[in-house]
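Observations on chain architecture
Below are the chains, spelled out letter by letter.
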Amino acid sequence: MYCVRKVTEDLYWVGANEHRLSLFENIHPIEKGVSYNAYLLLDEKSVLVDAVDWSACRQLMENLEYLLQGKELDYLVVNHMEPDHGASIQEILKTYPKVKIIGTVKTFMLMKQFGFHTEGHEEITVKEGDSYSFGKHNFTFAMAPMVHWPEVMVSFDQTNGVLFSADAFGTFGALDGKLFNDEMDFERELLEEARRYYTNIVGKYGPHVQALLKKAAKFPIKMIAPLHGPVWRNNLEWFIEKHDKWSRYEAEEKGVMIAYASMYGNTESAVQALAAKLLERGITNVKLYDVSNTHVSVLISESFRVSHIVLASVTYNMGIYPIMDNFLHDMKALNQQNRTFAIIENGSWASKSGDLMEAFIHEELKNMKILNERIGISSALLSDKATHLDAMADCIASSLNE
Ligand code: FEO
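Residues numbered from 1 in each chain as written. Predicted model: local features only at pLDDT ≥ 70, side-chain atom pairs only at ≥ 80, totals over all residues. Heavy atoms only, no water.

**Side note on unusual backbone geometry**
Backbone torsion omega between Val147 and His148 reads 10°, so that peptide bond is classified as cis. Relative to the helices and strands, His148 resides in the loop between strand 13 (138-143) and strand 14 (153-157). Positive phi, normally seen in glycine, also occurs at Gln69, with a value near 50°. On the accessibility criterion, Gln69 (62% relative accessible area) is exposed. Non-glycine residue Asn367 carries a positive phi angle of around 55°. With respect to the element layout, Asn367 can be found in the loop between helix 12 (353-364) and strand 22 (369-370). (Helix = DSSP H or I, 4+ residues; strand = E, 2+ residues; numbered from the N terminus. Buried < 20%, exposed > 50% of the residue type's maximum accessible area, 1.4 Å probe, protein only.)

**Details of the packing of helix 6 (residues 191-202) against helix 10 (residues 296-305)**
Two packed helices can be described by the angle between their axes and the distance between those axes. Direction vectors running N to C along helix 6 and helix 10 enclose 95°, while the axes themselves pass 8 Å from each other. Regarding the angle of helix 6 to helix 10, the classification is roughly perpendicular. Every residue of helix 10 that contacts helix 6 at Glu192, Arg195, Arg196, Thr199 and Asn200 is listed here: Val296, Ser297, Val298, Ile300, Ser301, Glu302, Phe304 and Arg305. Here the residues of the contact of helix 6 with helix 10 are counted per class, giving 4 nonpolar, 4 polar and 5 charged. (Axes fitted to C-alpha atoms, helices over the stretch in contact; angles between N-to-C directions. Parallel < 35°, antiparallel > 145°, perpendicular 65-115°, else oblique. Contact = heavy atoms within 4.5 Å. Nonpolar A, V, L, I, M, F, W, Y, C, P; charged D, E, K, R; others polar.)

**So, the domain arrangement of the chain**
Partitioning the chain into structural domains gives domain 1 (5-248) and domain 2 (253-400). The straight-line distance from the C-alpha centre of domain 1 to that of domain 2 is 38 Å. Between domain 1 and domain 2, the contact holds 12 residues from the first and 15 residues from the second. Across the domain 1 to domain 2 interface the summed buried area is about 1100 Å²; carbon plus sulfur atoms make up 52%. (Domains from an automatic or database assignment. Buried area = accessible area lost by both parts, 1.4 Å probe.)

**Focus on helix 8 (residues 236-247)**
Spanning 12 residues, helix 8 covers 16 Å between terminal C-alpha atoms, matching the ideal 16 Å at 1.5 Å per step. For helix 8, the complete set of buried residues consists of Leu236, Phe239, Lys242, His243, Trp246 and Ser247. All buried residues of helix 8 fall inside an arc of 130° around its axis, so they share one side. Check the buried side of helix 8 and you find it contacts helix 5 (186-189), helix 6, helix 7 (206-216), strand 16 (223-225) and helix 10. Immediately downstream of helix 8, the backbone of Tyr249 shows phi near 60°, a positive value. (Expected span 1.5 Å × (residues − 1). Arc of directions from axis to C-beta.)

**Here's the deal with the packing of helix 7 against helix 8**
Where helix 7 contacts helix 8, the axes come no closer than 8 Å and their chain directions differ by 145°. Of the two possible hands of crossing, helix 7 and helix 8 adopt the one that is left-handed. Between helix 7 and helix 8, the contacting residues are Gly206, Pro207, Val209, Gln210 and Leu213 on the first element and Ile240, His243, Asp244 and Ser247 on the second. In terms of residue class, the contact of helix 7 with helix 8 is built from 4 nonpolar, 4 polar and 1 charged. (Left-handed = near helix turned anticlockwise from the far one by under 90°.)

**A closer look at the side chain of Ser313**
With respect to the helices and strands, the residue Ser313 is situated in strand 19 (residues 306-316). When neighbours within four sequence positions are excluded, Ser313 is seen to be in contact with Ala261, Thr267, Ile320, Tyr321, Met324, Ile344, Glu345, Asn346, Ser353 and Met357.

**Examining the sheet that holds strand 11 (residues 123-125)**
Strands sit in the order 1-2-7-8-9-10-11 across an open sheet of 7 strands; the sheet is mixed. Of all the strands in the sheet, the pair left with one neighbour each is strand 1 (5-8) and strand 11. Strand-to-strand, the axes of this sheet are offset by a mean angle of 25°, without reference to chain direction. Here strand 8 (residues 46-49) runs beside strand 9 (residues 75-77); their pairing, made up of 3 bridges, is parallel. Paired with Val47 across the two strands is Tyr75, which belongs to strand 9. Against the sheet, helix 1 (residues 57-68) contacts strand 2 (11-13), strand 7 (39-42) and strand 8, and its axis sits at roughly 15° relative to strand 7. (Pairing = 2+ DSSP bridges.)

**A word on the pattern of salt bridges**
Evaluated as defined, the whole model comprises 26 salt bridges. When the shortest N-O distance is used, the salt bridge between Glu122 and Lys100 registers 3.9 Å. Here Glu122 is found in the loop between helix 4 (105-113) and strand 11, whereas its partner Lys100 is found in strand 10 (residues 100-103), with 22 residues between them in sequence. With a shortest N-O distance of 2.7 Å, Glu364 and Lys332 are connected by a salt bridge. Residue Glu364 is found in helix 12, and its partner Lys332 is found in helix 11 (residues 322-333); the two are separated by 32 residues along the sequence. (Salt bridge = Lys/Arg side-chain N within 4 Å of Asp/Glu carboxyl O.)

**Looking at the state of the cysteines**
Going through the model one piece at a time under the given rule, you end up with 0 disulfides. Left without a disulfide partner, Cys3 is nearest to the cysteine sulfur of Cys57, which lies 16 Å away. Taking relative accessible area as the criterion, Cys57 reaches 5% and is therefore assigned buried. (Disulfide = S-S within 2.5 Å.)

**Examining the sheet that holds strand 12 (residues 131-133)**
The strand order across the open sheet built from 5 strands is 12-13-14-15-16, with neighbouring strands paired in mixed fashion. Only two strands of the sheet have a single partner each, and these edge strands are strand 12 and strand 16. Taken pair by pair, the neighbouring strands of this sheet meet at an average axis angle of 25°, ignoring direction. In this structure, strand 12 lies alongside strand 13, joined through 3 bridges in antiparallel fashion. Across the sheet, Ser131 pairs through a bridge with Thr140, a residue of strand 13.

Structural data, given as structure tokens:
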């Protein structure tokens with residue numbers, strides 16, 4: 001059955017929703033699913049803007065068949081070639097033998113790398129600032145390399161103000177009928193998923209996102225049509241501001257995430273007490289995360305949200321607890337910066353995790369601060385050491401007030 005939504009007078013969403021995939025990119029859990037967005041413009045020429053994952057190909061083809069009503073598809077604009085969008089391109093080329101393809105030099109290079117056969121299809125290579133008319137609608141193309149692959153571009157429809165933004169402004173979470181941001185309570189339902197999507201998928205490429213935001217600011221944008229998640233038709237500034245903060249590695253909120261690795265509950269007991277002491281000092285934006293039970297994509301997302309991060313780890317095989325170590329390495333991989341840390345270590349003998357976490361933060365991460373009040377636990381934090389927690393809570397409180 002076809003499933004389409006009208007975006008503007010002659011523009012349609014022809015994508016699909018995914019609920020059966022459990023891991024996006026085979027790594028990030030997507031409990032709320034994901035959407036693969038593609039858009040069909042019915043101008044004097046018909047234009048498909050991007051495609052979908054292979055799993056959604058049949059749905060896309062049904063949607064196209066329904067809207068084209070036997071007519072040819074004239075153009076395929078490929079803003080992004082990653083297979084969650086590009087995998088169904090070969091099927092489109094087979095079904096519509098006259099379709100012309102618009103992309104960047106690297107788009108066509110990747111098509112060949114993936115083994116696509118484009119013979120017989122005109123390949124139109126565009127570069128920064130090029131324009132193309134499909135009738136009433138004129139597209140201008142802007143290059144967006146590394147947002148989040150090198151071939152990426154975005155397309156701006158000068159006629160209706162729609163920015164086809166590729167992965168930029170995308171969100172995890174299936175749409176399930178609700179196409180527009182104002183058809184849902186986005187902040188309550190999907191902001192966490194948007195943050196988790198951005199930080200884990202595009203987070204490493206903050207400077208490239210900043211470059212794209214500067215280019216996009218020159219377009220009179222009325223709508224943002226990304227490749228995942230809702231189409232934005234109001235409150236654009238609010239969502240752009242989130243991306244501006246994330247891509248500058250600036251915390252959205254003053255707050256504390258306490259990420260802890262506890263084997264038998266003693267480290268957890270200490271951080272529970274620390275959280276209570278922070279609350280007693282009026283700091284309410286505090287969240288605890290057991291790294292063993294929290295996917296690292298959530299830890300990363302939270303580390304982008306807040307200003308302060310407490311790392312509490314047992315010592316394991318003379319090192320940092322492996323799951324905590326993975327979190328630290330993921331922060332490095334995603335270029336995380338500008339946060340304030342507090343360190344708690346535990347060990348029944350030969351405690352090492354504190355020194356190792358501190359060394360990693362100083363040597364491997366950029367522009368991070370570590371508070372002086374470190375706590376060392378020998379097996380369990382006994383009540384006579386409560387003053388250590390008070391000192392750390394005071395230190396965090398004072399840092400938050402800076
Ligand atoms: Fe949604 Fe980079 O692909």
